[in-house]
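# Chains, contacts and geometry: an overview
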Amino acid sequence: MAQSEQQQQQHHNQPPAKPTQSSNPFNPQMTTSPISVSAPNPSWFSPKRLLVMLCTINMINYVDRGAIASNGVNGSIGICDDSGICSAGSGIQGDFKLSNFQDGVLSSAFMVGLLMASPIFASLAKSHNPFRLIGVGLSVWTFATAGCGSSIDFWTIAICRMLVGVGEASFISLAAPFIDDHAPAPQKTAWLAMFYMCIPTGIAVGYVYGGFVGDNFSWRYAFWGEAFCMLPFAVLAFAMNPLQLKGFAPAESRKFLEPNETTSPLIEGSDDSNINSCVIVSSDKASRSSPASKSLNQLSRFSEDMKELLHDKVYVVNILGYVSYNFVIGAYSYWGPKAGYSIYRMSNPDLLFGGITIVCGILGTLAGGLILDSVNATINNAFKLLSGATILGAIFCFSAFCVRSLYFFVVLFSMGELLVFATQAPVNYVSLRCVKPSLRPLSMAVSTVSIHIFGDVPSSPLAGILQDHVNNWRVTTLVVTSVLFFASGIWFIGIFISNSDKFNEDGKEEVSTVDRATKKPLFEENTIEGAQDSDEA
């Protein structure tokens, strides 16, 4: 005990650390305080905790997708038989008396908010901390989902669904780059697979959750329950120490340098003219940086980034295949329970489709990531896996809707979904690795917007229109499933396009020494003070 007190006394009696020199464009002798002394307190997160948090948020997000598609929440319109006996409608469709087209539009209304907000959040990531932006998005999502449960007609719930898209935009465009930054090098695709595994799992849980809550309570309680589950994560995103993305200089480092660049006591061996010139230049820049000029600069930078992104052949081909793939997945996720009930007279279609999707989604998505890691995760190998798994999955799914037996349908459709979901990790791996780090948020934002606006958004109402005309769910599902063959062909073309992994392309240009010093402690268990004590011992 005495020895410990003596060490603490020696620690407190130590003279303050001498200032270290750093380069400055105005005065090469300008000094700054040691970075380690003023660095922010380390975050309690480890990479695995970060992965668990992001996966849970993604799960809740897609539970909402599955819940609104379930028979318990979505419901059905009231019908009258030939004898004049009418049955009351149920769920959203029954309460608001929606046609199939309106019902399909409702499932896609979130896309309006997603389309508008995704590029904005991706652009703001260069000037604001990305983790704080996720907190803003989750807050909007929470209040919008609660609003869905309180809606009074078609238009109020449609507006709330649009705001749900705004909340989703921040998370979808920024979460995957965080995982790619902090995942172990040999397991990056596997970690992405765990994250995207939450898409089919969340939808499947949403089917079961929506069916249970809707049948036993009310469809409104399903949305209120989702908002309650998401609220703690919205608060946590603001409360914890923010993380930073690779390729982006943190706002904290800029704030840390400001006092040292403008305070004269830190400057040694310099005359007043150098100090004054530094202050004058800074004030001149500040006066010229009006809000309008900042907005124009940000818009110009966004346009340049978009131009670079859309000129990347690998990225464009990958997204075109993903759009075609998501056209089918979107129609399956929304119309699957209704189609299954109509074709095979399933006693509980929500539970059956939910069970198939959750099992095949977990196994298929994890298998896709593990296989790509095991054969060496490259963009070319990813395209091979995408093309092969998709065409085999298309064959099984198409065959499933052709058979008459429910037993054979379950077997064939399960095999098809197992193969189809194996594409989730590889397709997002390509989107992250075919662009430089500073473009990854925009890459994911454009990918998300594209697969929705050209994929699952039109597929739900178009499938509804087709069903209204043919009045045969078997024909409708076969037409929708055939699009998977088209997706496989597009990804097959990607195998022959020249490509390179750009993960480290602009890392040295964007990350400063201050960034490294402030970013490193975020995933360390020991604090800075603890490290100093160990050095003394």
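Residues numbered from 1 in each chain as written. Predicted model: local features only at pLDDT ≥ 70, side-chain atom pairs only at ≥ 80, totals over all residues. Heavy atoms only, no water.

### Some words on the pattern of salt bridges
Inspection of every chain in the model, using the stated rule, returns three salt bridges. Of the charged contacts, one joins Arg-161 and Asp-64 as a salt bridge, the two residues approaching to 2.6 Å between their closest N and O atoms. In this pair, Arg-161 sits in helix H9 (residues 154-182) while Asp-64 sits in helix H3 (residues 47-69), placing the two residues 97 residues apart along the sequence. Glu-308 is the salt-bridge partner of Lys-436, the closest N and O atoms lying 3.7 Å from each other. Remark: Glu-308 occurs in helix H14 (residues 291-310) and Lys-436 occurs in the loop between helix H19 (424-433) and helix H20 (440-470); sequence separation between them is 128 residues. (Salt bridge = Lys/Arg side-chain N within 4 Å of Asp/Glu carboxyl O. Helix = DSSP H or I, 4+ residues; strand = E, 2+ residues; numbered from the N terminus.)

### A look at the packing of helix H10 (residues 188-216) against H19
One way to put it is that H10 packs onto H19 with a least axis distance of 8 Å and a crossing angle of 120°. Here H10 lies oblique to H19, going by the angle between them. In this structure, H10 meets H19 at a crossing whose hand is right-handed. In this structure, H10 uses Lys-188, Thr-189, Leu-192, Ala-193, Tyr-196 and Ile-199 to contact H19, whose residues at the interface are Gln-424, Ala-425, Asn-428, Tyr-429, Leu-432 and Arg-433. In the contact of H10 with H19, the residues fall into seven nonpolar, three polar and two charged. (Axes fitted to C-alpha atoms, helices over the stretch in contact; angles between N-to-C directions. Parallel < 35°, antiparallel > 145°, perpendicular 65-115°, else oblique. Left-handed = near helix turned anticlockwise from the far one by under 90°. Contact = heavy atoms within 4.5 Å. Nonpolar A, V, L, I, M, F, W, Y, C, P; charged D, E, K, R; others polar.)

### Details of the confidence of the model for the protein chain
Across the protein chain, the average pLDDT comes to 75, with 72% of residues at or above 70. Averaged pLDDT values for the elements of the protein chain fall to 38 in helix H2 (residues 35-38) and rise to 94 in helix H22 (residues 483-494). The model gives residues 1-43 a pLDDT under 50, and that stretch makes 57 contacts with residues more than four places away or in other chains. (pLDDT = per-residue confidence, 0-100.)

### A word on the UniProt feature "transmembrane region" (unreviewed entry) in the protein chain
Listed under "transmembrane region" (unreviewed entry) in the UniProt record, and renumbered for this structure, are residues 105-124, 131-152, 158-179, 191-209, 221-240, 314-335, 351-371 and 475-498. From the first C-alpha to the last, residues 158-179 spans 32 Å; its make-up is 100% helix and 0% strand. In this annotation, residues 191-209 is assigned 100% helix and 0% strand; the end-to-end C-alpha distance for the span is 26 Å. (UniProt positions renumbered as here; feature names shortened; annotations may be inferred.)

### Here we look at H9
Compared with the 42 Å implied by 1.5 Å per residue over 29 residues, the 43 Å span of H9 between its first and last C-alpha is a close match. Glu-168 marks the point of greatest bend in H9, at about 30°. Two or three places before Trp-155, at the start of H9, stands the capping residue Asp-153, its side-chain oxygen 3.3 Å from that residue's backbone nitrogen. (Expected span 1.5 Å × (residues − 1). Bend = angle between axes of the 7 residues up to and from the residue. Polar contact = N/O pair within 3.5 Å; in protein donor to acceptor, adjacent residues only side chain to side chain.)

### Thoughts on the nonpolar core
Counting 119 residues, the largest nonpolar core has Ile-92, Tyr-325, Phe-383 and Phe-413 as the members making the most contacts within it. Of the residues forming this core, the biggest block, 16 residues, is contributed by helix H15 (residues 313-344). Contacts of Phe-413, omitting those with residues within four sequence positions, involve Tyr-332, Phe-353, Ile-356, Cys-397, Ala-400 and Phe-401. (Core = buried A, V, L, I, M, F, W, Y, C linked by side-chain atoms within 4.5 Å. Buried < 20%, exposed > 50% of the residue type's maximum accessible area, 1.4 Å probe, protein only.)

### Remarks on the packing of H10 against helix H11 (residues 219-239)
Two elements in contact, H10 and H11, have axes separated by 7 Å at closest approach and are oriented at 130°. In terms of their interaxial angle, H10 and H11 are classed as oblique. Here the hand of the crossing between H10 and H11 comes out right-handed. Within the contact between the two elements, H10 uses Tyr-209, Val-213 and Gly-214 and H11 uses Trp-219, Tyr-221, Ala-222, Gly-225 and Glu-226.

### A closer look at the packing of aromatic side chains
Enumeration according to the criterion identifies 19 aromatic pairs in this entry. Ring geometry for Phe-409 against Phe-413: centres 5.3 Å apart, planes inclined by 10°, an arrangement best described as stacked. In this pair, Phe-409 and Phe-413 both sit in helix H18 (residues 406-420), four residues apart, roughly one turn of the helix. Ring pairs connect the aromatic residues Tyr-332, Tyr-344, Phe-401, Phe-409 and Phe-413, which therefore count as one cluster. (Phe/Tyr/Trp six-rings, centres within 6.5 Å; stacked < 30°, edge-to-face > 60°.)

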